[in-house]
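Reading the structure
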Amino acid sequence: MKKALEKTAEYAIIEAEIRFALPSIRPLRPRAAPARALPEAEIPFPVLTKWGKAMPQQNCTVILAAGEGKRMKRDLPKALLPVLFKPMLQWVLDAARAAGAGRACVVTGCRHEQVEAWLAEHDPEAETAYQPERLGTGHAVRMASEFIRAHAQGGSVLVLNGDAPFLGAAAIRGALRRHLRDGNAVTLISARLEDPTGYGRVLRSGPEGPVRAIVEQKDASPRELAVREVNSGAYWFRQEDLLQILPEIGNDNAQGEYYLTDAVQLLIRKGRRAGACPAENPDAVLGANDCAQLHRLNALARDAVLGALMRGGVDIPCAEGVVIGPDVTFGRDCCVLPGTILRGHTSVGQGCVLGPGTVLDGCEVGDGARLDAVRGAGVRVAPGARPAPFTVLR
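Throughout this description, residue numbers start from 1 for each chain and increase along the sequence as written. Local features in a predicted model are, by the rule used here, given only for residues with pLDDT of at least 70; side-chain atom pairs are given and counted only at 80 or more, and totals for whole chains, interfaces and linings are based on all residues. Heavy atoms throughout the structure, all of them, feed into the side-chain values; hydrogens and water do not.

**What to know about the sheet that holds strand β22 (residues 370–371)**
Note the following rule: By this definition, two strands are paired if DSSP reports at least two bridges between them. Each helix is a run of DSSP H or I of at least 4 residues and each strand a run of E of at least 2, with the numbering of both proceeding from the N terminus.
Reading across the sheet, the three strands line up as β16-β19-β22 and stay open at both edges, with parallel pairing between neighbours. Two strands in the sheet have a free side with no partner beyond their single neighbour: β16 (335–336) and β22.

Below you can see the structure in the form of structure tokens.
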């Protein structure tokens, strides 16, 4: 019976992967509504009823976006700062939805009105919970307790940081798969870094065994500092375990804050199983605390997007000054020349040449268009169009 249930869970998650996977490059077609999760954003996995039948459960996602980001010295909340023109919070929301991780609740705090207004305009399906005082990650998740009770009954809860844009859907799905397979109370998403300095180390019982502790760098012994597996700050919790342990998290520390990592340790002390699933991409743990680190995120994202496009057949003979957002799509046989900037959900048809010096935001470019030093926002470009250089499309 156990093996049959595990197999059913595996098939359900694989089906979700296929359903939510979106190609980076595709031919031009009429724009459809953004890919969304199931109506209740469920990943169905089996739970036995008293009749021995498998019934679907709900999962949900809590995204922590209450931080101020003082070192950024910006007027925007940190989670709304853009990486490749796209707010970090939107990266996180998109990854959770692509993974089929359930309805999302964004925990807001500093400048919460800005985050809530942005969500109302750009992602109205997301719910919010307000953290009036910034008292740590454990306290932030506690603010979403009612949402968790309502949307993950008998299921699992994904907790993500709103300023970690590179944790992708594959890592989220992989962690859920392991979470279900091993019957964990909590499964943290980890990464193995060449230089783990500054990160909490994941200590296991054996090379691939369950987690026995998360140790912060300042508290780690020399032997523990040599561990290269680190905590990303993203977790899958079994709902009932999370709700039970949240009130038990204390704030007996120098900052007087309630840390979600303490929830992991408390569950382990109660004899519950904790696991870790390393993300294949070590950049999954990266965030930004100042504008220099934000610049690094932009550089990494830019290189990743351009590399993926070129491997998919887009000709970029010289990448100097070329910046392309992660939601831009191309048809076949396209060429992008220096100084071209493409933002938003711009879609480019087949056989197009863009640049040099073309800037488009949320445009739809028809097949065979040639846009040399052209600018436009939210416009449709007819197939075969060849506007004069320095044209502003309207």
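**Topic: the packing of helix α2 (residues 88–98) against helix α3 (residues 112–122)**
The cut-off we apply is this: Note on geometry: axes are C-alpha line fits, over the in-contact stretch for helices, and angles between N-to-C directions span 0 to 180 degrees. We call two directions roughly parallel when the angle between them is under 35 degrees, roughly antiparallel when it is over 145, roughly perpendicular when it lies between 65 and 115, and oblique otherwise. Note: crossing handedness is left-handed where the near helix turns anticlockwise from the far helix by less than a right angle, and right-handed where it turns clockwise. Any two residues having at least one pair of non-hydrogen atoms within 4.5 Å are treated as being in contact. Basically, the charged four are Asp, Glu, Lys and Arg, the nonpolar ten are Ala, Val, Leu, Ile, Met, Phe, Trp, Tyr, Cys and Pro, and anything else, Gly included, counts as polar.
With their axes 12 Å apart at the nearest point, α2 and α3 run at an angle of 50° to one another. In terms of orientation, α2 and α3 fall into the oblique class. The handedness of the crossing between α2 and α3 comes out as right-handed. In this structure, α2 uses Leu 89, Gln 90 and Leu 93 to contact α3, whose residues at the interface are Val 115, Trp 118, Leu 119 and His 122. Residues of the contact of α2 with α3, tallied by class, amount to five nonpolar, two polar and no charged.

**Considerations on the environment of Ser 156**
Here is the rule we go by: Polar contacts, as used here, are pairs of N or O atoms within 3.5 Å; protein pairs need one atom able to donate a hydrogen and one able to accept it. Residues neighboring in sequence count only if both atoms are side-chain atoms.
Assignment of secondary structure puts Ser 156 in strand β8 (residues 156–161). C-alpha of Ser 156 to C-alpha of Gln 239: the two residues are 83 residues apart in sequence and 4.9 Å apart in space. Within the structure, Ser 156 has its side chain in polar contact with the side chain of His 179 (distance 3.4 Å).

**A few points about the packing of α2 against helix α6 (residues 169–182)**
It is the contact of α2 with α6, at a shortest axis distance of 8 Å, that shows an interaxial angle of 45°. With respect to each other, α2 and α6 are oriented oblique. The two elements α2 and α6 cross, and the hand of that crossing is right-handed. Between α2 and α6, the contacting residues are Ala 95, Ala 96 and Ala 98 on the first element and Ala 169, Ile 172 and Arg 173 on the second.

**With respect to unusual backbone geometry**
A cis amide bond, omega 0°, links Gly 355 with the succeeding residue Pro 356. Inspection of the secondary structure assignment puts Pro 356 in the loop between β19 (353–354) and β20 (359–361). Of note in the backbone geometry, Ala 373 takes a positive phi value of approximately 55° without being a glycine. Relative to the assigned elements, Ala 373 resides in the loop between β22 and β23 (375–377).

**What to know about α2**
Short version of the rule: Each residue's exposure class comes from its accessible area (1.4 Å probe, protein chains only) as a fraction of the maximum for that residue type: buried when under 20%, exposed when over 50%, partly exposed otherwise.
Of all 11 residues making up α2, nine are buried, and the element is well covered by its neighbours. All of the buried residues along α2 are Met 88, Leu 89, Gln 90, Trp 91, Val 92, Leu 93, Ala 95, Ala 96 and Arg 97.

**Quick notes on the nonpolar core**
We count it as follows: As used here, the term nonpolar core means buried Ala, Val, Leu, Ile, Met, Phe, Trp, Tyr and Cys residues forming a set that is joined through side-chain atoms within 4.5 Å.
Counting 37 residues, the largest nonpolar core has Val 83, Ile 324, Phe 330 and Val 365 as its most contacted members. Mapped onto this core, the elements with two or more residues apiece are α2 and α10 (291–311). Counting 35 residues, the second largest nonpolar core, distinct from the first, contains Ala 152, Val 157, Leu 243 and Ala 276.

**Brief notes about the state of the cysteines**
As used in these notes, a disulfide is a covalent bond between sulfur atoms, one from each of two cysteines. The line we're drawing: Two cysteine sulfurs form a disulfide in these notes if their separation is within 2.5 Å.
This model, assessed by the stated rule, comprises zero disulfides. Cys 60 provides the cysteine sulfur closest to Cys 105, a residue in no disulfide bond, and the two sulfurs are 8.2 Å apart. What makes Cys 105 buried here is its relative accessible area of 1%.

**Some remarks on the environment of Gly 162**
Secondary-structure assignment places Gly 162 in the loop between β8 and α6. For the pair Gly 162 and Ile 63, spaced 99 residues apart in sequence, the C-alpha to C-alpha distance is 5.6 Å. Beyond its immediate stretch of four places on either side in the chain, Gly 162 contacts Ile 63, Leu 64, Ala 79, Met 88, Leu 89 and Val 92.

**Brief notes about the packing of aromatic side chains**
Centre-to-centre distance and the angle between the planes together describe a pair of aromatic rings. Put simply, the rule is: Put simply, two rings from Phe, Tyr or Trp (the six-membered ring, in Trp's case) pair if the centres are within 6.5 Å, and we call them stacked under 30 degrees between planes, edge-to-face over 60, tilted for the rest. Any Lys NZ or Arg CZ that is within 6 Å of a ring centre and within 35 degrees of that ring's normal is treated as a charge sitting over the ring.
With the rule as written, the count across this model stands at two aromatic pairs. Seen in terms of ring centroids, Trp 91 and Phe 166 are 5.9 Å apart; in terms of plane orientation they differ by 75°. Their pairing is edge-to-face. Here the residue Trp 91 occupies a position in helix α2, and Phe 166 occupies one in the loop between β8 and α6, the gap between them amounting to 75 residues. The class of Phe 166 is buried, set by a relative accessible area of 14%. Taking the centre distance of 5.5 Å and the plane angle of 35° together, the rings of Tyr 235 and Phe 237 count as tilted. Classification of Phe 237 by relative accessible area gives buried; the value is 0%. Above the face of the Trp 91 ring, Lys 86 is positioned so that its terminal group lies 5.4 Å from the ring centre. The ring of Tyr 258 has Arg 142 sitting right over it, with the charged end atom 5.0 Å from the ring centre.

Fair warning: the whole summary comes from geometry, so function is off the table for now.
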